[in-house]
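Structural overview for review
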Amino acid sequence: MIAAVRQVRGRSRDELAWRLRAFARTGAQRLTTQVRPPRWDRHDISSALALTALPDDVQGALAREDWIGAQQRLIEWLRTRRSRFVLDPAARDRVRQMIQSNWVGAEADATRRATNAIGGRFDLLGYRGLDFRTAAGDIDWHLDPVHGRRVPLQFWARVPYLDPAWGDHKVIWELNRQQHWLTLSRALWLTGDRRYARAIVRDLTSWLAANPPLMGANWASMLELGFRSLSWLWGLHAILADGCADGMDDKPWLLDLLIGLDRQLTHVQQNLSRYFSPNTHLTGEALALYVAGTALPELAASGRWLDEGRAILLQEIDRQIEPDGGHVERSTHYHRYTLDFYLLALLTARQTGDLDAELRFTDAVERLAVFARAMADDRGWLPRIGDDDAGMLWPITGRDSADISDSLALAAALLDRPEWAPWGVTEEVVWLTAATCRPGLHGPAVTAAVRSTSIFPDTGFVTTRTSDGDHLVMDAGPHGFLNGGHAHADALAVNLTLAHKPLLVDTGTPTYTMDRELRDHLRSSISHNTLTMDGRSASEPAGPFRWRTRTDAWLEIVRSNPQFSLSEAAHDGYDDLVHQRVVLASPGGYVFVDVVNGAGDHEAALHWHFDPRWELACETEQCLRATHETGEVAWLVHDAAALWLVKGDEESQLGFVSPSYGARVPAWTARLSHRQPAPFAMVTWIGMARGHRLPHLQRLPIECDSPALVVGARIAQGIEEWVTVVRPGAAVAGTYSTDAYHTDARTLQYAIAGGRLTSLNATDVSHALPLCDGLVSLSVDGTMSDVSLSRQADRLELWSTAPAGVRLQGGIVAGARAILLNGRALRRHPSDIRDAIEIPSTAWGTSRPEPEPEPEPEPEPEAEHEPEHEPEHEQSTRNLEA
């Protein structure tokens, strides 16, 4: 009774009324199945169809129970009317020609995959070659072959699908989505071999026989019914293409398919996940109703499906998509689901000319695509942040679920934004747009800034990428949506790709319900590239899809320009302790400063999880060498007191990565630990190798005129060294001194090569005054939120997002003939070779980078005359020329 009261408390009147109706309906259905075992009845076709919308000859054949005749006439009707589904049967020849012309291996790949499916062997989730065949050679639709278990065939609401004793429901459901029909359809259209059409009909007949209405696990999840219905629509429209259904009149498969669709989608509509899983479950179910209701107006319920599906998809845009474009569940995989859902919704709205829905769906797709492009690397691969169940909406070509290049290519094609897909059009785009897009169309090459940063304040993600293939993602936002079912304890975690090769990764999602201990471990902070305190996780789970404690992180500052990016964030998930993380990305590599603020003696541990394609070796106690399978070398150096390098350790469960649900492979994990009284900081540097010299990290002493913690470190590699000083969480007040600078900068970083200063980056700075020779002096009129300067040959380059008047003095200035301010080319006067310049705030400009002018030749000396020049008093105020 107490439990019942708790469940009712806090629920709205609408929810209680909905649950009461659902409870009564489900109870009545259950009693009916006990009295009369359910079965499929072909006579139900008359009630499923909107007969008045069909030609008279179809109605007559149905009235005579001439099932084959009715099917023949219905096929002809559907084939000749205008298609209302994304796969247009009339476009088969165009699609085949386009794909065969642009993807040479597509037909062979389709044949291989389809042949495996016909034989009852499937690549599902992270598993390969799963065999679902019975002794008689039929498919067992209730079998989990991975664990050798079957789910009982009982009333859908009583099926214990989350109980591992009956197997992994994800494996069973993935097969029963019947998305291999997309594989069979691809082979059917590309080869013209009708055995693939017969395989679809065979599977339909087999599935109906094994899954009577409302019985078994395959009726228990409305989302799974929605996915299966979309697969059936795809298979139907593939077979409707001219000649594909020839010789298949021995059974009325089309009538059976329509009855099955009607019964399943009616069940979905009656049990929508409005209150059970009001996330991607709800939008996926609504999508199935909307697409089916649009595609088959011949079904009597199609109008109701279309209206309700459309309404839900529209209302969930602002509920499930944050203003910054990210999905509310903080999972990149479920973000990908949502993008695909609204891409298909947009395509469907365009099919019907629904301009109002098209406008809203376009806005949703644009927001989702901008976020996805920032989160994906330049190959189109997403980091696996949060849960990843390896499912997809349209697995046509066998693409990995983390490879979002097809979704972004489709979004780029539909919204005319080629910059979202620099890899060009993918094969999936051709299938989904009936060959209206041009393969080979590529977005612009990455020729703009060396480094670009994107901030998503609502989801809390910050990304930075470089033109040479680096990509960093930092998670600094809220824990998750509602009960956080698909979230992980990844506050302040990072994912890092170097030179197009993923280096630091989340450890993934190999299971949901089959191994509680493993599930909890892989959702915990220890399984992410972040810090843990005293052996604890920042958020603690309470079941496979719930949490006992939840920790939200928050962004404190982000500063960036094309030369560097600084992100600072924090969370308070460890009682009275606060974890602050500062990430500074620049040409010198990636510096991570992890600060523990609080009191008392504590042990902090950083875990760095490496992609399986890297091999690690410990060069020194503070230096790790990472070697990629292709030969590239990266370094990780740190100042922790203890290092543990582990790979594939079952006892600790460290040293594994799950590249896909169900798969788990050994990979290296580095655990860096440090114990001392708080507050204290740990510093880690990661970068690609430059030559063969080992990098070295040295902490620097700092003299500070305030109690704020200031952290300094020098990273040296060969003749090059980078010095980084950060003051985490502090306002710009007070000053501090290193062995080289006196400054008030929140962050100061400078590089020295061969004894000469080559670059300097600073944030929230008014001055940086050198304490030794060879450095540059920086003075600002007021304060600059960010400023970068670097010298190459005779060119001095400066960047700032908030320009101000600047005075520079030092060897880096002397002899610089060309000066670039925010990419805008300026020139110094040929005779001005002094080591000091003043740059007024008005000189910076905001235009796009201009071509760099050719340097002016030095004036030829004249033997008998003094060279002409401006008077000295004028030169001092006009030392820059546009």
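These lines cover the structure that appears in this document, whether it is placed above or below. Bear in mind that the values here come from a model prediction, so they are computed numbers and not experimental data.

Here we take up a negative patch on the surface. There is a patch of like negative charges on the surface, built from Asp242, Asp246, Asp249 and Asp250. For Asp250, the position within the fold is in the loop between α11 (222–239) and α12 (253–270).

Another aspect to go through is helix α17 (residues 405–415). Within α17, ten of the eleven residues are buried, which leaves the element mostly enclosed by the surrounding structure. Those residues of α17 not exposed but buried are Ser405, Asp406, Ser407, Leu408, Ala409, Leu410, Ala411, Ala412, Leu414 and Leu415. The inward-facing, buried residues of α17 contact α15 (332–352), α16 (355–375) and α18 (427–432).

The volume enclosed by the second largest pocket comes to roughly 1,100 Å³. Residue lining of the second largest pocket: 49 residues in total, with Arg128, Arg399, Asp400, Ser401 and Ser660 positioned closest to the centre. Elements with a contribution of two residues or more to the lining of the second largest pocket: α7 (106–118), β1 (121–124), α8 (169–176), α9 (180–191), β7 (471–475), β8 (494–498) and β9 (501–504). Residue composition of the lining of the second largest pocket, by class: 23 nonpolar, 13 polar and 13 charged.

Viewed as axis vectors pointing N to C, helix α6 (residues 92–102) and α9 meet at an angle of 90°, and their least axial separation amounts to 9 Å. It follows that α6 is roughly perpendicular to α9 by the angle criterion. In this structure, α6 uses Arg92, Val95, Arg96, Ile99 and Gln100 to contact α9, whose residues at the interface are Leu188, Trp189 and Leu190. Taken together, the residues of the contact of α6 with α9 break down into five nonpolar, one polar and two charged.

Attention now goes to the sheet that holds strand β20 (residues 633–638). Strand order in this open sheet of eight strands is β13-β14-β15-β16-β25-β20-β19-β18, and the pairing throughout is antiparallel. The strands lining the two open edges of the sheet, one partner per strand, are β13 (553–561) and β18 (614–620). Taken pair by pair, the neighbouring strands of this sheet meet at an average axis angle of 15°, ignoring direction. Where strand β19 (residues 623–628) meets β20, five bridges bridge the pair, whose relative direction is antiparallel. Within β20, the residue paired with Arg625 across the bridge is Trp635.

Glancing now at the packing of aromatic side chains. If you walk through the whole model with that rule in mind, you get 22 aromatic pairs. On the numbers, 4.7 Å between centres and 65° between planes, the contact of Phe371 with Phe456 is edge-to-face. One end of the pair, Phe371, is in helix α16; the other, Phe456, is in strand β5 (residues 451–456), and 85 residues separate them in sequence. The burial state of Phe371 is the same as that of Phe456; both residues are buried. Note on Phe371 and Phe461: the rings are 6.0 Å apart at their centroids and 75° apart in plane angle, and the pair reads as edge-to-face. Here Phe371, found in helix α16, pairs with Phe461, found in strand β6 (residues 461–466); they are 90 residues apart in sequence, far enough to count as distant. By relative accessible area, Phe371 is classed as buried at 4%. Here Phe461 falls in the buried class, since its relative accessible area comes to 2%. One aromatic cluster in this structure is built from Trp40, Trp181, Trp207, Trp219 and Trp232.

Next up on the list: the sheet that holds strand β17 (residues 601–609). Strands sit in the order β10-β17-β24-β21 across an open sheet of four strands; the sheet is antiparallel. Strands at the two margins of the open sheet, each flanked by one partner only, are β10 (531–533) and β21 (642–647). Put simply, the sheet's adjacent strands are angled 25° from each other on average, direction ignored. As paired elements, β10 and β17 share three bridges and run antiparallel to each other. Among the inter-strand pairings, Leu531 is bridged to a residue of β17, identified as Leu606.

Here we come to the side chain of Gln749. Note that Gln749 resides in strand β32 (residues 747–753). Aside from chain neighbours lying at most four places away, what touches Gln749 is Leu584, Ser586, Val591, Trp722, Val723, Thr724, Ser759, Leu760 and Asn761.

Close contact between α16 and α17 brings their axes to 10 Å; oriented N to C, the two are set at 135°. The orientation of α16 with respect to α17, classified from their angle, is oblique. Classified by chirality, the crossing of α17 by α16 is left-handed. On α17, the residues touching Thr362, Val365, Glu366, Ala369, Ala372 and Arg373 of α16 are Leu408, Ala411 and Leu415. Classifying every residue of the contact of α16 with α17 gives six nonpolar, one polar and two charged.

Here the focus is unusual backbone geometry. Of note, the amide linkage connecting Ala678 to Pro679 takes the cis form, showing an omega dihedral of 5°. Within the fold, Pro679 resides in the loop between β24 (668–677) and β25 (680–688). For Gln178, which is not glycine, the phi dihedral falls at a positive 55°. Note on Gln178: relative accessible area 0%, which makes it buried. With a phi angle near 55°, Ala793 is a residue other than glycine that sits in the positive phi range. Mapping Ala793 onto the fold places it in the loop between β34 (777–792) and β35 (795–799). Judged by relative accessible area, which is 72%, Ala793 ranks as exposed.

Turning to empty space enclosed by the protein, a few remarks are in order. On inspection of all chains with the given rule, the structure shows ten cavities of 30 Å³ or more. Of the voids in this model, the largest cavity is the one considered here, and its volume is about 110 Å³. Taken together, Phe85, Val86, Gln179, Leu182, Phe227, Leu230, Ser231, Trp234, Leu344, Leu393, Trp394 and Leu432 form the lining of the largest cavity. Examining the composition of the lining of the largest cavity, we find that four residues originate from one element, α11, more than from any other. The residue makeup of the lining of the largest cavity, split by class, is ten nonpolar, two polar and no charged.

With that settled, consider the pattern of salt bridges. By the definition in use, this model includes 58 salt bridges. Measuring nitrogen to oxygen at the nearest pair gives 1.9 Å for the salt bridge that ties Glu540 to Arg548. For Glu568, the salt bridge identified is with Arg746, shortest N-O distance 3.1 Å. Here Glu568, found in strand β14 (residues 564–574), pairs with Arg746, found in the loop between β31 (741–743) and β32; they are 178 residues apart in sequence, far enough to count as distant. Pair check on accessibility: Glu568 and Arg746 agree, each one buried. A single salt-bridge network, built from bridges that share partners, covers Arg336, Asp340, Arg399, Asp403, Asp406 and Glu428.

Before going further, it helps to examine the environment of Pro89. Structurally, Pro89 is set in the loop between α5 (67–80) and α6. Between the C-alpha atom of Pro89 and that of Ala50, which follows or precedes it by 39 residues, the distance is 22 Å. Setting aside residues up to four positions removed in sequence, Pro89 forms contacts with Ser83, Trp189, His237, Leu240 and Ala241.

Conventions and cut-offs
- Residues numbered from 1 in each chain as written.
- Predicted model: local features only at pLDDT ≥ 70, side-chain atom pairs only at ≥ 80, totals over all residues.
- Heavy atoms only, no water.
- Patch = residues over 30% accessible without salt bridge, like charges linked within 9 Å, V, L, I, M, F, W, Y side chains within 5 Å.
- Areas by Shrake-Rupley, 256 points an atom, 1.4 Å probe, with all protein chains shown as cover.
- Salt bridge = Lys/Arg side-chain N within 4 Å of Asp/Glu carboxyl O.
- Lys, Arg positive; Asp, Glu negative; His and termini not counted.
- Charge placed at Lys NZ, Arg CZ, Asp CG, Glu CD.
- Helix = DSSP H or I, 4+ residues; strand = E, 2+ residues; numbered from the N terminus.
- Buried < 20%, exposed > 50% of the residue type's maximum accessible area, 1.4 Å probe, protein only.
- Contact = heavy atoms within 4.5 Å.
- 1 Å grid on protein atoms, 1.4 Å probe; cavity = no way out; pocket = protein on both sides within 12 Å on 5 of 7 lines; lining within 4 Å.
- Points joined across faces, edges and corners; volume = space filled by probe spheres on them.
- Nonpolar A, V, L, I, M, F, W, Y, C, P; charged D, E, K, R; others polar.
- Axes fitted to C-alpha atoms, helices over the stretch in contact; angles between N-to-C directions.
- Parallel < 35°, antiparallel > 145°, perpendicular 65-115°, else oblique.
- Pairing = 2+ DSSP bridges.
- Phe/Tyr/Trp six-rings, centres within 6.5 Å; stacked < 30°, edge-to-face > 60°.
- Left-handed = near helix turned anticlockwise from the far one by under 90°.

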